[in-house]
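# Close look at the chain arrangement
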Amino acid sequence: MPAIAVAALSARALAAAARRAGLEPLVFDLFGDADTRELAATLVTLRRRAGFAIDADDLLLQLDTHVDGSCPLVLGSGFEAMPDLVDRLAARGRLAGNDGAVVRRLKDPFVFSDLLSALGIPHPRVFAEEAPLGVETLEKAIGASGGGHVHPARRTRGPGHYLQERIEGGSASALFLANGRDIRLVAFSEQWCAPDAASPFRYGGAAGPIALEPAVEAEVTRALGRLAEATGLVGLASADLILSREGWSLIELNPRPGATLDLFDRPPLPPLLRLHLDACAGRLPDLVPLRPGPEVGARAAGIFYAPITFDMRLAHLPPHAADRPAPGTRLHRGEPVCTVFGEGRDAEEARGVMLLRMDALWHEMQGAAGETP
Ligand SMILES: Nc1ncnc2c1ncn2[C@@H]1O[C@H](COP(=O)(O)OP(=O)(O)O)[C@@H](O)[C@H]1O
Ligand SMILES: [Mg+2]
């Protein structure tokens, strides 16, 4: 079976996508969860830098040890703040994805905002230091992910941060394939936050497919096509949107396969990692976007964050849980414990099922831990 190397903060979804595409995954991530281990032909748990960051030297060393230059490498989350590392990885061999130059343009908030203006794509204004009077803003860290870095603020705390105009509306995300010239929309999902005291916009999960107004879907599709053409974007990528009654706004572009693989890498869609590799080689599929309908069930995937510090004592997590920490793992309050899936006739129902399962699972985990917290 041909091999593929995948690296991300958590690479479980990419490893599963590789299996579905008939590829043996050589996996590099920070968690080394039990199910990632089962999926992987080789699993290397990378050294963590402070705040869940990838250690560039460790990754390069591990790739040199385990992966030869002819094996394609797919990157997931965790590289947006490290375009230089992406360039070094591209220089090593076959990077199936965007090089550092594309990442730099899309993840520099000011370059990105100017690009969107030039392309006529609606987006929030950005400010380097202070919000002008009368503009409500959120502070974000450049190149960060997971939403934990997003806070309401009128001034930035310092270098590496910026302010973005706050837009009222619902969060959605478009999953699409790009070949450097054009795109194919895969599906839209809704996203929600799992706030805690320190991070009101921490990523909570996503459910889909959802339907957008046909006119909005057409506009977003055309906008993403122009963006791909202007930047040379390739492969699976996602665009985060705010949808409001007045219209839509593009708040961020993730130039890599992301969390919504968990929602959409299943029938009726073909193996998405195969489509990613083809798109990186310039080929886009004939694909009708996945839209909700009686034949198409919906799926939700939510992150369960540890409400308190505890030890994982459950030997077996149910099949609707993924990113399963090995028994004995100590989970600190606020850390992601696992991902929980839910299914339903539509996204709302799938999310409801997921939430009930999350509650039941926490109950079981506390029971197994033995102590009352
Ligand atoms: N400009 C904005 N206006 C309103 N809400 C926002 C804005 N930017 C981000 N958010 C909220 O914060 C979440 C995370 O923001 P995002 O920029 O996607 O961060 P990350 O890169 O960590 O995913 C979004 O899904 C949305 O709920
Ligand atoms: Mg986002």
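So, how was this worked out
- Residues numbered from 1 in each chain as written.
- Chains lettered and ligands numbered in written order.
- Predicted model: local features only at pLDDT ≥ 70, side-chain atom pairs only at ≥ 80, totals over all residues.
- Heavy atoms only, no water.
- Helix = DSSP H or I, 4+ residues; strand = E, 2+ residues; numbered from the N terminus.
- Rg over C-alpha atoms; globule rule 2.2 N^0.38 Å.
- Buried < 20%, exposed > 50% of the residue type's maximum accessible area, 1.4 Å probe, protein only.
- Contact = heavy atoms within 4.5 Å.
- Donors = N, O, S within 2.8 Å, 3.2 Å for Na, K, Ca; no water.
- Axes fitted to C-alpha atoms, helices over the stretch in contact; angles between N-to-C directions.
- Parallel < 35°, antiparallel > 145°, perpendicular 65-115°, else oblique.
- Left-handed = near helix turned anticlockwise from the far one by under 90°.
- Pairing = 2+ DSSP bridges.
- Core = buried A, V, L, I, M, F, W, Y, C linked by side-chain atoms within 4.5 Å.
- Domains from an automatic or database assignment.

Labelled according to an unreviewed UniProt entry, the protein appears under the name ATP-grasp domain-containing protein, originating from Ancylobacter oerskovii.

## Regarding the overall build of the protein
From N to C terminus, the protein includes 10 helices and 20 strands. For 373 residues, the compact-globule estimate of 2.2 N^0.38 gives 21 Å, and the C-alpha radius of gyration of the protein, at 20 Å, lies within 12% of that figure. For the C-alpha atoms alone, the extent of the protein along its principal axes is close to 55 × 50 × 50 Å. Of all 373 residues assigned to the protein, the portion counted as buried reaches 54%. Long-range pairs, those at least 24 residues apart, make up 59% of the contacts in the protein with a sequence separation of at least 6.

## Some thoughts on the coordination of the magnesium ion (ligand 2)
Coordination of the magnesium ion (ligand 2) by the protein comes from D240 (OD) and E252 (OE), over a distance range of 2.1 Å. With a gap of 12 residues between them, D240 in strand β14 (residues 234–244) and E252 in strand β15 (residues 247–254) connect regions that are remote in the sequence.

## Regarding the packing of helix α4 (residues 83–92) against helix α5 (residues 100–107)
Where α4 meets α5, the closest approach of the two axes is 8 Å, and the angle between their N-to-C directions is 160°. On the basis of their axis angle, the class for α4 and α5 is roughly antiparallel. The two elements α4 and α5 cross, and the hand of that crossing is right-handed. Packed against α4, whose contacting residues are P83, D84, V86 and D87, the element α5 presents G100, A101, V103 and R104 at the interface.

## Some words on the sheet that holds strand β8 (residues 137–141)
The strand order across the open sheet built from four strands is β7-β10-β8-β9, with neighbouring strands paired in antiparallel fashion. The sheet is open, and its two edges are formed by β7 (126–127) and β9 (151–152), each paired on a single side.

## Some words on the sheet that holds strand β3 (residues 42–45)
Strand order in the open sheet formed by four strands is β3-β2-β1-β6, with parallel pairing between adjacent strands. Looking at strand neighbours, the two that pair on one side only are β3 and β6 (73–75), the edges of this open sheet. Adjacent strand axes in the sheet meet at a mean angle of 15°, parallel and antiparallel pairs treated alike. Pairing of strand β2 (residues 24–29) with β3 involves four bridges; the strand directions are parallel. Bridging across to β3, D29 finds its partner in T45.

## Focus: the nonpolar core
Ranked by size, the top nonpolar core spans 51 residues in total, and within it L227 and M365 carry the most contacts. Ranked by residue count, the leading element in this core is helix α10 (residues 347–369), at seven residues. Mapped onto the domain boundaries, this core takes at least three residues apiece from domain 2 (104–280) and domain 3 (298–369). Core analysis: the next-biggest nonpolar cluster, separate from the first, contains 41 residues, A18, A187, Y203 and L269 among them.

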